Every structure is written in structure tokens, then in C-alpha cells.
Amino acid sequence: MDRALPDTVMEWANGGRLVDTAPGRVFVHRSDGSAPYLVFLHGYPTCGYDFRQVIDRLPHRATLAPDFLGFGLSDKPRPHRYGILEHADVVEEVLAAHGSDEADIVAHDMGTSVATELMARELAGTLSFRLRRVVLSNGGVIIERASLRLIQRALLSPLGPLVSRLSNRRMFAQQLGRLFSAHHPLDRREAAAQWALVSNAGGHRIAHLLCRYVRERSYYARRWHGAIGSWEGTLGFLWGLRDPVATGHVLNGLRELRPSAPVVELAELGHYPQLEDPEAFTEAMLRLLDDRSS
């Protein structure tokens, strides 16, 4: 771990540990409280740190926030074939390492695909724990309805390795800032912390490898969309409507797949509602989870 990390990141790091999994060590932030664990699954290119202000608002609930392999404070092996199925395997291993046989999940961005893979596994009877409730937030699960950013298209192209090598703090802050709403802009301290986590152990140099999950959203569409429609647990959608990537068009598609699912729309928030307004996000999340114990 880079000891030059900002104080807020070091404080976050001190609340967790590295867990050994089959593909490598993953960092997991943990907080004590009532069972079962509420597991937060982050998106690309950030990490579990995104949910710190939400977790702070859950003093009575046990939580886990893993950094997927290649992200944040976790190992960043190269060469390596990163993907959603492996991320889902890691979630199963993390829960096993914490002695848990059931969980609730809140997932954002890339994490929404990890969540739907876990739902598909439970439908198939292969999941190692009981998945009770899931909240999906601002993820391009229905990829044909999402509006990919130019940087994502570049990373997925043959120029991807070059784009990764050229990435720097200023470019990252500009790209990340465009995902925030006008009323809740990205501030400098948050940008600095996020860059420290992305670039930790040279993670920014493998951005093109980490971005490959986008293609999996097409390849596994039938499996993951089917899980959204057929999974028997409690499922809700929590959406910042000012998101320029996972737009309201994606949300409408999810509604079509799961007409009975409750939805909370945060009209003035962008792609990172948990960072832009953590209080509103937490309140909406708990409503969707129907969790009054937190």
C-alpha cells in the first residue's frame, strides 16, 4: 500500500484488511453491526471508498466493501484477464472469509453486473450464500441503452494500452468530473483521493484491462437480464437521473425487465449519487431494502 495516500484514504484503509482469494489479495473494508452483511459493490474505475459516507450513516448495520481485483487497494496483477465472473467469485470468497452465509447487496456501475451474475448463480442453485435483497444503482446493465464515454471507447479499442499509459491525474479528474451533476460537482479533495486509489500500485496503467467488462455486458446479456426478471429476492433500482452514461434510458429498460421492482429517482444527481448526496442515497437505499434496523 502506498503510504503517501491522503489521510481520508488511510483512515478508510485502516478500517479493513487484505483477504486472500484465488486470483489475488483483495482489500475489504468492514464495519460491525447487525447481521447479515450489507455488501457494497463498486464501479469502474473507482473502488469501495465510494461508499464510505453511506457506511458512516449505518452505525448499526454490519457492512463489507471490497475492492475488486485490479481496483483501489487490492492487488493489481498484470498480465491478467479481469472480468465480471471473477469479481463475482471474489464476492463469494470474501463472504466465506467473513463466515457469512447470507447477504444484502447494493451495487453501483460495474458492480451492478457483478450483482446480476450473483443473482443468476442463485437462480441456478450454485451460489454459496443466500442473497436476500439487491439494490442496483446507475449501472449500464443494458449496454445497448447506455451512452459510453469517449474514453471508454478508446480504452476498448486497439489504442487502449496507449491510452492507459498516457493517463494522468489531470485527465482523470476531468473525466470523473463530467459524471457528476452540475449542482453537486466533484471537488478537488475527492478527485485527489480517487486518483490516489486508481493510481495506487500503478492501477491507472491497466485501465484498458479493467474496462473489458463492458463487452461482457453484451456477451452475458441473456443471462444477466434474465436474472433481473426472474430472481425471486427483493430487487430495487436507485438512480441519479443526471447520469450521462447510465441514463434514464437504461433505467427504463430495467423497468421493462422487472415491472414490479420499486424505483427511487434522484432527479438532480449524476452517475455517483452516493458521493454527490450520500444522505439522500442512504435514505433511498434503506427504503428499497426495507431496512429499518440501520
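Quick caveat, the model's predicted, so the values are computed rather than measured.

A. Just the overall build of the protein chain, in detail. On a plain count of helices and strands, the protein chain comes out with 14 helices and eight strands. Since a compact globule built from 294 residues should have a radius of gyration of about 19 Å, the 17 Å found for the protein chain is in line with a globular shape. Principal-axis analysis of the C-alpha atoms gives the protein chain an extent of 45 × 40 × 35 Å. Here the protein chain holds 294 residues, and 61% of them are scored as buried. Restricting the contact set of the protein chain to residue pairs at least 6 apart, pairs at least 24 apart contribute 79%. Accessible surface, the protein chain as shown: approximately 12,300 Å² in total, 49% of it carbon and sulfur. Between the mean site of the 34 positive side-chain charges and the mean site of the 34 negative ones, the protein chain shows a separation of 6 Å.

B. Just the nonpolar core, in detail. In terms of nonpolar packing, the biggest core is built from 60 residues, with Leu41, Tyr44, Ile105, Leu118, Leu131, Val134 and Phe237 touching the most fellow members. In this structure, Ile105 is in contact with Leu38, Val39, Leu41, Ala115, Leu118, Leu131, Arg133, Val134 and Val135, ignoring residues within four places of it in sequence. With 31 residues, the next largest nonpolar core counts Phe40, Leu58, Leu238 and Val264 among its residues.

C. Spotlight on the packing of helix H7 (residues 169-177) against helix H8 (residues 188-199). With their axes 10 Å apart at the nearest point, H7 and H8 run at an angle of 120° to one another. The element H7 and its partner H8 pack so that their crossing is right-handed. Facing Arg169, Phe172, Ala173 and Leu176 of H7, the residues of H8 in contact are Ala191, Ala192, Gln194, Trp195 and Val198. Considered class by class, the residues forming the contact of H7 with H8 number seven nonpolar, one polar and one charged.

D. Looking closely at helix H3 (residues 84-97). Its 14 residues place the ends of H3 20 Å apart at the C-alpha level, agreeing with the 20 Å of an ideal helix rising 1.5 Å per residue. Listed as buried for H3 are Ile84, Glu86, His87, Ala88, Val90, Val91, Glu92, Val94 and Leu95. Looking at the residues trailing H3, positive phi occurs at Gly99, about 65°.

E. Representation of the pairing of strand S3 (residues 34-41) within the structure. In terms of burial, S3 is a largely internal element, six of the eight residues being buried. In this sheet, strand S4 (residues 61-66) lies alongside S3 in parallel orientation, the contact comprising three bridges. Bridging from a neighbouring strand, Ser34 pairs with Arg61 of S4.

Conventions we followed
Residues numbered from 1 in each chain as written. Predicted model: local features only at pLDDT ≥ 70, side-chain atom pairs only at ≥ 80, totals over all residues. Heavy atoms only, no water. Helix = DSSP H or I, 4+ residues; strand = E, 2+ residues; numbered from the N terminus. Rg over C-alpha atoms; globule rule 2.2 N^0.38 Å. Buried < 20%, exposed > 50% of the residue type's maximum accessible area, 1.4 Å probe, protein only. Contact = heavy atoms within 4.5 Å. Areas by Shrake-Rupley, 256 points an atom, 1.4 Å probe, with all protein chains shown as cover. Lys, Arg positive; Asp, Glu negative; His and termini not counted. Charge placed at Lys NZ, Arg CZ, Asp CG, Glu CD. Core = buried A, V, L, I, M, F, W, Y, C linked by side-chain atoms within 4.5 Å. Axes fitted to C-alpha atoms, helices over the stretch in contact; angles between N-to-C directions. Left-handed = near helix turned anticlockwise from the far one by under 90°. Nonpolar A, V, L, I, M, F, W, Y, C, P; charged D, E, K, R; others polar. Expected span 1.5 Å × (residues − 1). Pairing = 2+ DSSP bridges.

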